[in-house]
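# Observations on the model geometry
What follows is each chain in one-letter form.
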Amino acid sequence: SVSQSRYYSGYTGKITKWQSATTSDFSGTVTDIANTTTSYTATNLSTTTYYRAVVTSGVCSSSNSGTATITVNQSIISNTITKPAVDSFNTSGNPTNVVGSTPTGGNATSYTYQWQSSEISETTGFTDITGANSKDYDPGTLTETTWFRRVVTSGVCAQNISNAIRIKITAIYHRPHGAIVTGK
């Protein structure tokens, strides 16, 4: 939830109330707020909300101040990635793209992507992949089992980390006398 204060100054007359709405033109539901001071502190907001003061001066009809906006960005969600159809190779392999979903939330207009990889596990050892900041990722040719995940940011929201997927590389070891042993 969000809490933020709004102030109004430079008017002639008396503030008779504040109003809030979830549409910038106050065309939808308008809520009257019983506050006659020059400031109003909004609390526990879960959606972008617009505020204005209503001012009356003498016998004149009331007028509205300019609109103040408190923007609430939702948490980033729907950040998932899908492994390629072929995700296991012997010795080395060049898988097709790791596909990322289109996230929602944040400022709902732009998202920043950063792909990460780890050769340790699906939960540790992740580092940023230089230049990998598109919605999807082409891992190129791999020679080690590698996990991938995607970090998404948008607006002022905290980053959101996707699930991790593994592309497995199985090493083939040759023993003397022609025996083949696989591992990892």
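As a reminder, the structure under discussion sits directly above these lines.
Residues numbered from 1 in each chain as written. Predicted model: local features only at pLDDT ≥ 70, side-chain atom pairs only at ≥ 80, totals over all residues. Heavy atoms only, no water.

## Some thoughts on the packing of aromatic side chains
- Using the criterion set out here, one finds 4 aromatic pairs in the structure.
- The interplanar angle of 40° and the centroid separation of 5.6 Å between the aromatic rings of Tyr40 and Tyr51 together place this pair among those described as tilted. With Tyr40 in strand 4 (residues 39-45) and Tyr51 in strand 5 (residues 49-56), the pair connects residues that are 11 residues apart, well separated along the chain.
- Its relative accessible area of 19% is what places Tyr40 among the buried residues.
- On the basis of relative accessible area, Tyr51 is assigned to the buried category, the value being 4%.
- An angle of 25° between the planes, with centres 5.7 Å apart, marks the rings of Trp115 and Tyr137 as stacked. Taken together, the positions of Trp115 in strand 13 (residues 112-118) and Tyr137 in the loop between strand 14 (127-128) and strand 15 (146-153) put the pair 22 residues apart, joining distant regions of the chain. We note that Trp115, like Tyr137, is buried.
- Taken together, Trp18, Tyr40 and Tyr51 form an aromatic cluster joined through their ring pairs.
- Here the guanidinium or amino end of Arg149 rests over the ring plane of Phe126, the centre of that ring lying 4.0 Å away. (Phe/Tyr/Trp six-rings, centres within 6.5 Å; stacked < 30°, edge-to-face > 60°. Helix = DSSP H or I, 4+ residues; strand = E, 2+ residues; numbered from the N terminus. Buried < 20%, exposed > 50% of the residue type's maximum accessible area, 1.4 Å probe, protein only. Lys NZ or Arg CZ within 6 Å of the ring centre and 35° of its normal.)

## Section: the pairing of strand 13
- Most of strand 13 is tucked away: 5 of the 7 residues are buried.
- Looking at chain direction, strand 13 and strand 15 are connected through 7 bridges and run antiparallel. When the bridges of strand 15 are listed, Gln116 appears paired with Arg149. (Pairing = 2+ DSSP bridges.)

## Side note on the nonpolar core
- Listed in full, the 12 residues of the largest apolar core are Ile81, Phe89, Val98, Trp115, Ile129, Ala132, Tyr137, Leu142, Phe148, Ile165, Ile167 and Ile169.
- Ranked by residue count, the leading element in this core is strand 17 (residues 165-174), at 3 residues.
- Excluding its chain neighbours within four sequence positions, the residues that come into contact with Leu142 are Thr91, Ser92, Gly93, Pro95, Phe148, Ile167 and Ile169.
- Counting 11 residues, the second largest nonpolar core, distinct from the first, contains Ile15, Ala42, Leu45 and Tyr51. (Core = buried A, V, L, I, M, F, W, Y, C linked by side-chain atoms within 4.5 Å. Contact = heavy atoms within 4.5 Å.)

## Observations regarding the pattern of salt bridges
- This structure, assessed with the given rule, holds 3 salt bridges.
- Here Lys17 makes a salt bridge to Asp32, at a shortest N to O gap of 3.3 Å. Of this pair, Lys17 sits in strand 2 (residues 14-21) while Asp32 sits in strand 3 (residues 31-33), and the two are 15 residues apart along the sequence.
- Taking the relative accessible area as the measure of exposure, Lys17 reaches 25% and is therefore partly exposed.
- Close ionic contact of Asp136 with Lys135 constitutes a salt bridge, the shortest N to O distance being 3.2 Å. (Salt bridge = Lys/Arg side-chain N within 4 Å of Asp/Glu carboxyl O.)

## Details of the pairing of strand 15
- With 7 of 8 residues buried, strand 15 lies mostly within the body of the structure.
- Both strand 15 and strand 16 (residues 160-161) contribute to a ladder of 2 bridges, which runs antiparallel. Bridged to Val152 within strand 16 is Asn160.
- The antiparallel hairpin formed by strand 15 and strand 16 contains 6 residues in its connecting segment, where Gly155 sits at a positive phi of about 60°.

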